[in-house]
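# Structure at a glance
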Amino acid sequence: MNFEKTIEFAQKLDEKDTLKHFRDKFYIPMVNEKESIYFTGNSLGLQPKSTQDYVLNELEDWANYGVEGHFHARNPWVSYHELFPEFLAAIVGALPEEIVVMNQLTVNLHLLMISFYRPTKQRYKIICEAKAFPSDQYAFQSQAILHGLNPKDVIIEVHPKEGSSYIDTADILEAINTHGNETALVIFGGVNYYSGQVFEMQTICKAAHEAGAICGFDLAHAAGNIALELHDWNVDFACWCSYKYLNSGPGGVSGAFIHQRYISDSSIPRLSGWWGHDKDSRFKMGNTFQPIPTAEGWQLSNAPVLSMSAHLASLEIFAEAGFHHLVNKGKQLSAYLIFIINEINHSLNNKVIEIITPSNENERGCQVSLLMLKDGKKIFDELIKAGVIADWREPNVIRVAPVPLYNRFEEIYTFGEIIQNTLQNIQ
Ligand SMILES: *Cc1c(COP(=O)(O)O)cnc(C)c1O
């Protein structure tokens, strides 16, 4: 599409947007008594207006039934987690039995690594992206230590080429090739939290398997953002959080994916708990663990229903919108943002902002990361004053994520105007 940098054009895109009414389903934070321009849905998604009712329902059922709520609540708590796989199957591209909602993200990453990072004398290395999200780096290091290994010998980071801000798939494949015989696990983010780069998951997974390694993904910035086909790509395991693009509230429950080929294999080592045990005999309180033959077999504890109810409220909105429609609008929003930033550079006859997110549509989702080459902090302060909520990362990157459920094209236009005016006033 040929974009234009005018408010009329941006408003026209909003008028034509078939998802535009979904914005009314969310609370938009106010700044200076005006709706903010909220571009941090990649960090904490906004609250659906329906969430309060979902949480209140569970509080009411708890008040009315006490312990009987496990079986008599409107959505009985004993099986509450079973409400999620159908919704998430469409979002992550998996079979329902491959999905379980439980715990938090870093916890799930550890649980899955316990099962799927099984180093031997010959194969012990972990190949991952350089500058992975810190929690993931700590998880990889501590898993190595748990196995009595030195993280320095274990972790192989793939870096961007000199001068580039994102990683070439060819370099990932080369690392897998080089370390293939010694690699136990290849694990990447689906989308890098800093650059916004979408990794070529299918290609990476195939190469990992050809090298004889297991392949997993941390989808914190991918779930609810980009199209995924975890089952068909043959991914071994994955996990994600629900509070970023999935709008399910701070510290919300996490999701985990375990490929069909493993779910009924009770010989896979795991940290086990009673909620992963066979449902029919769970309350017989026996002492022999017999895992449920689905991803549920990795559960430890009974479900945190209050935070799960917020997740349910949000997933119903995703289902109503249709995930592929959201993905398409997300791509259009980020394409318009990239266009606006390029126009600013152009009109100032000077590159003042470098886009460090890949421009190729298949290598990015909603997030665009801007390296501010000039007056970054001043521009960011002006954005804050004008009611824009974005994310500043030292030394000088602004991460911006317009999301399809509640952001508008006009907000992107306004964002560009604030930046351009600030730069012109400085000059
Ligand atoms: C947001 C994020 C986390 C956060 O982990 P929690 O356990 O949810 O606190 C971890 N990893 C990645 C890649 C993230 O983007």
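Residues numbered from 1 in each chain as written. Predicted model: local features only at pLDDT ≥ 70, side-chain atom pairs only at ≥ 80, totals over all residues. Heavy atoms only, no water.

Take the domain arrangement of the protein next. When the domains of the protein are assigned, the result is domain 1 (7-35 + 323-426) and domain 2 (53-320). Inter-centroid distance (C-alpha atoms) of domain 1 to domain 2 is 30 Å. With 25 residues of domain 1 in contact, the opposing surface of domain 2 contributes 20 residues. Across the domain 1-domain 2 interface, the total number found is 1 salt bridge. Between domain 1 and domain 2 we count 8 residue pairs in polar contact (both at pLDDT 80 or more) in total. Of all the secondary structure elements, the ones that give two or more residues to the side of domain 1 that touches domain 2 are α12 (323-347) and β15 (397-400). A total of 3 residues in the side of domain 1 that touches domain 2 trace back to one element, the largest contributor, which is α12. (Domains from an automatic or database assignment. Contact = heavy atoms within 4.5 Å. Salt bridge = Lys/Arg side-chain N within 4 Å of Asp/Glu carboxyl O. Polar contact = N/O pair within 3.5 Å; in protein donor to acceptor, adjacent residues only side chain to side chain. Helix = DSSP H or I, 4+ residues; strand = E, 2+ residues; numbered from the N terminus.)

Moving on to the site of the ligand. Near the ligand the following residues occur: L105, T106, F133, D136, D218, A220, H221, Y243 and K244. At 3.2 Å from an oxygen atom of the ligand is found a side-chain nitrogen or oxygen belonging to H221. A distance of 2.5 Å separates an oxygen atom of the ligand from a polar side-chain atom of K244. When the ligand is considered free in solution it has 390 Å² of accessible area, and contact with the protein chains removes 82% of it. Comparing atom positions with the cavity grids shows the ligand to sit within the second largest pocket. Partitioned by chemical class, the residues of the shell around the ligand number 4 nonpolar, 2 polar and 3 charged. (Near = heavy atom within 4 Å. Areas by Shrake-Rupley, 256 points an atom, 1.4 Å probe, with all protein chains shown as cover. 1 Å grid on protein atoms, 1.4 Å probe; cavity = no way out; pocket = protein on both sides within 12 Å on 5 of 7 lines; lining within 4 Å. Sits in = over half its atoms within 2 Å of the grid points. Nonpolar A, V, L, I, M, F, W, Y, C, P; charged D, E, K, R; others polar.)

As a further point, take the packing of helix α4 (residues 85-92) against helix α11 (residues 305-321). Taken N-terminus to C-terminus, the directions of α4 and α11 make an angle of 50°; their axes are 10 Å apart at the nearest point. Between α4 and α11, the angle is such that the two are oblique. With respect to the hand of their crossing, α4 and α11 are arranged in left-handed fashion. Counting all contacts with α4, which are made through F87, L88 and I91, the residues of α11 involved are H311, L312, L315, E316, F318 and A319. The residue makeup of the contact of α4 with α11, split by class, is 7 nonpolar, 1 polar and 1 charged. (Axes fitted to C-alpha atoms, helices over the stretch in contact; angles between N-to-C directions. Parallel < 35°, antiparallel > 145°, perpendicular 65-115°, else oblique. Left-handed = near helix turned anticlockwise from the far one by under 90°.)

Before going further, it helps to examine the sheet that holds strand β14 (residues 391-393). Strand order in the open sheet made by the 4 strands is β11-β12-β15-β14, with antiparallel pairing throughout. Of all the strands in the sheet, just β11 (353-355) and β14 have a single pairing partner and so form its edges. Pairs of neighbouring strands in the sheet enclose a mean axial angle of 30°, with direction left out of account. Across 3 bridges, the pairing between β14 and β15 is antiparallel. Within β15, the position partnered with D391 by the bridge is R399. Strand contacts of helix α13 (residues 376-385): β12 (368-372), β14 and β15, with the helix running at about 160° to β14, the strand carrying the most contacts. (Pairing = 2+ DSSP bridges.)

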